[in-house]
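Listed below, chain by chain, are the residues.
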Amino acid sequence: MSHMHIPDGVLPVWIVTAGWVVTALLLAFCIKRVSSIELKRKVPLIGIISALMIVGMTLEIVPIAYHINLTVVAGIVLGPALAFISVFIVDLLISMFGHGGVTVVGLNTIIIGAEAVLGYYLFQLFKEVMGNKSMFWESSLAAFLSLFLSTSIMLGVIYISPEKIGSIGHLVSGTGSDTNGQRLLEDGINFSRFAKTVFILSPLGWILESVITGLVVKYVYRVRPDLILPERA
Amino acid sequence: MDVSAIDYYANHGRSFLHGARALSKIIFAGLVIASVVISNSFYLLLAVYFSLLTIAIWTRLPVLKIVTIAAYPAIFALIFAAASWNGSWVSAGVIVLKALSASLAMVILIVTTPYPDVFSSIEPVLPRIITEGLFLTYRSLFVLLELTDNLVKGLRVRGGLTHGRYIKNVVNFSSGIGLLLVRGLDLSERFYGVLNVRGYSGRISGGGRHEKTGVNDFAAIVIGVLIFGAALLIKKNGELSVYDGCMLAISLAALILSAAYVVLPNTWGRAWKR
């Protein structure tokens, strides 16, 4: 649940717009950064990794409403800039299938993109600290921490826009009274409950995704080490 | 997400929406989503959802399948609604209806429009690398889904996925994903080679089946404008919200009539088949 399955129209327009603007800027930066590394050659690679992420997202674990993202795997294999571009493509495509709101594609890209980028850098860090053995623990830890951080970013986005969530209840309740509105706008109620729900449901998913990420990276490192450590190519 | 079914519906459907240009349907979906964004009225959102269900029936595609695909975000909307619970079922309903309506609008767009048409329509507003990435991702998706299917079957047949051995299952399944990744990367290199042989120059053009704007485009845009207009009017003038019920009744009547038209094969159904 590290990315937002929040429906269209729940978050305020300003935060949704800000999400698109920041995403556009980051995409421009990433495209400029990768233009020197054979962009044409990398496009098919982005396509395959993006497709793999979408396939991962179709594998839903219904009781905890979690699906694997494979974003950290994408970050490790593609590198931060290409992984961010890949995440945007994935978000845009899945929004067309009704998986996540269209208006929140910008925010989702920031959150999942952060997961991929953090995953990449944390993996590099753990690799230096722990040494190149099986890559399981390095990638698993990187995935777990990235998921925790990206979920925190997601909650941060919701935290700065609670009045909108409250105002839905206020408007549709039809009371319009200040007392009721005040009760609904006591944003701590909604946000804390939402945060609790997320932090109760998510860790099980994080552990599962971390284990899967670790095992995937371990397998790929055994079969094609050049994909995990490009310097060995 | 049944991507194969979605692709089949988009390419083999014969409804008025299938005959409209991708851009008209993108405008339609955009207007519906805009009305979902600005509206907080439970009755109006329900009317929008019923209207979209009616349009889904008009697409002559399996409605239940389309509704099921579009209902996926409801799982997460329910979690969000439960987390934001303020004692009112109506406010929870608003959140769920927003998710369902926006999702159904997008699914109607994607089940009536082949993907190259959608991508080529949005190409002018996206960087080239993104458009190409979209094309190649969509194409790779079908290959990977087939590989995944074969992989799961292979794992089951060889005892790699057995009941009760959950840790071993996770290990085998993860290795399978790793295998998909490696094979996918090989595939991407082959893609690149084939594209180069065919004269790839960094640009992939879309299908563009319908070049001319016609009645179908007009119909799609008018429906979108009507939905958005109603939402905007009620948003601007709160007094008009008393007509929410009327809109709900009209949309419900349209839904029942459309459903009856489809489920009565011995009467109107003949006309439908023609």
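Just so it is clear, the model here is predicted, and its values are computed rather than measured.

Draft legend 1. Layout of the confidence of the model for chain B. Of all residues in chain B, 90% have pLDDT values of 70 or greater, and the mean over the chain is 81. Throughout residues 269-274 of chain B the model reports pLDDT below 50, and contacts reaching past four residues in sequence, or to other chains, amount to 9 contacts.

Draft legend 2. Summary view of the pattern of salt bridges. Taken as a whole and judged by the stated rule, the model has 3 salt bridges over all chains. Across the pair B:Lys153 and B:Asp149 runs a salt bridge whose closest N-O atoms are separated by 3.4 Å. Placement of both B:Lys153 and B:Asp149 in helix α8 (residues 128-157) is noted, with a separation of 4 residues, approximately one turn of the helix. Its relative accessible area of 39% is what places B:Asp149 among the partly exposed residues. Here the salt bridges share partners, and the residues they tie into one network are A:Arg224, A:Asp226 and B:Asp186.

Draft legend 3. How the structure looks around the interface of chain A and chain B. Taken together, the contact between chain A and chain B spans 72 residues of the former and 71 residues of the latter. When the buried area of chain A at its contact with chain B is split by residue, A:Ile48, A:Met96 and A:Phe97 rank highest and sum to 12% of it. On the surface where chain A and chain B come into contact, there are 1 salt bridge. The shortest N-O distance in the salt bridge between B:Asp186 and A:Arg224 comes to 3.1 Å. Inspection of the chain A/chain B interface yields 1 residue pair in polar contact (both at pLDDT 80 or more). Elements supplying a minimum of two residues to the side of chain A that touches chain B: α1 (13-34), α2 (39-57), α3 (71-78), α4 (80-96), α7 (162-173), α8 (178-185) and α9 (187-223) of chain A. Here the side of chain A that touches chain B takes 16 residues from α2(A), the largest share from any one element. Split into classes, the residues belonging to the side of chain A that touches chain B amount to 51 nonpolar, 13 polar and 8 charged.

Draft legend 4. Quick peek at the environment of B:Val63. All names here are of chain B. Mapping Val 63 onto the fold places it in helix α4 (residues 63-70). Accessibility expressed as a relative area gives 23% for Val 63, which makes it partly exposed. Taking C-alpha positions, Val 63 is 9.8 Å from Ala 259, a pair spaced 196 residues apart along the chain. Not counting residues within four places of it along the chain, the set of residues in contact with Val 63 comprises Ala 56 and Ile 57.

Reading the values: the criteria
- Residues numbered from 1 in each chain as written.
- Chains lettered and ligands numbered in written order.
- Predicted model: local features only at pLDDT ≥ 70, side-chain atom pairs only at ≥ 80, totals over all residues.
- Heavy atoms only, no water.
- pLDDT = per-residue confidence, 0-100.
- Contact = heavy atoms within 4.5 Å.
- Salt bridge = Lys/Arg side-chain N within 4 Å of Asp/Glu carboxyl O.
- Helix = DSSP H or I, 4+ residues; strand = E, 2+ residues; numbered from the N terminus.
- Buried < 20%, exposed > 50% of the residue type's maximum accessible area, 1.4 Å probe, protein only.
- Buried area = accessible area lost by both parts, 1.4 Å probe.
- Polar contact = N/O pair within 3.5 Å; in protein donor to acceptor, adjacent residues only side chain to side chain.
- Nonpolar A, V, L, I, M, F, W, Y, C, P; charged D, E, K, R; others polar.

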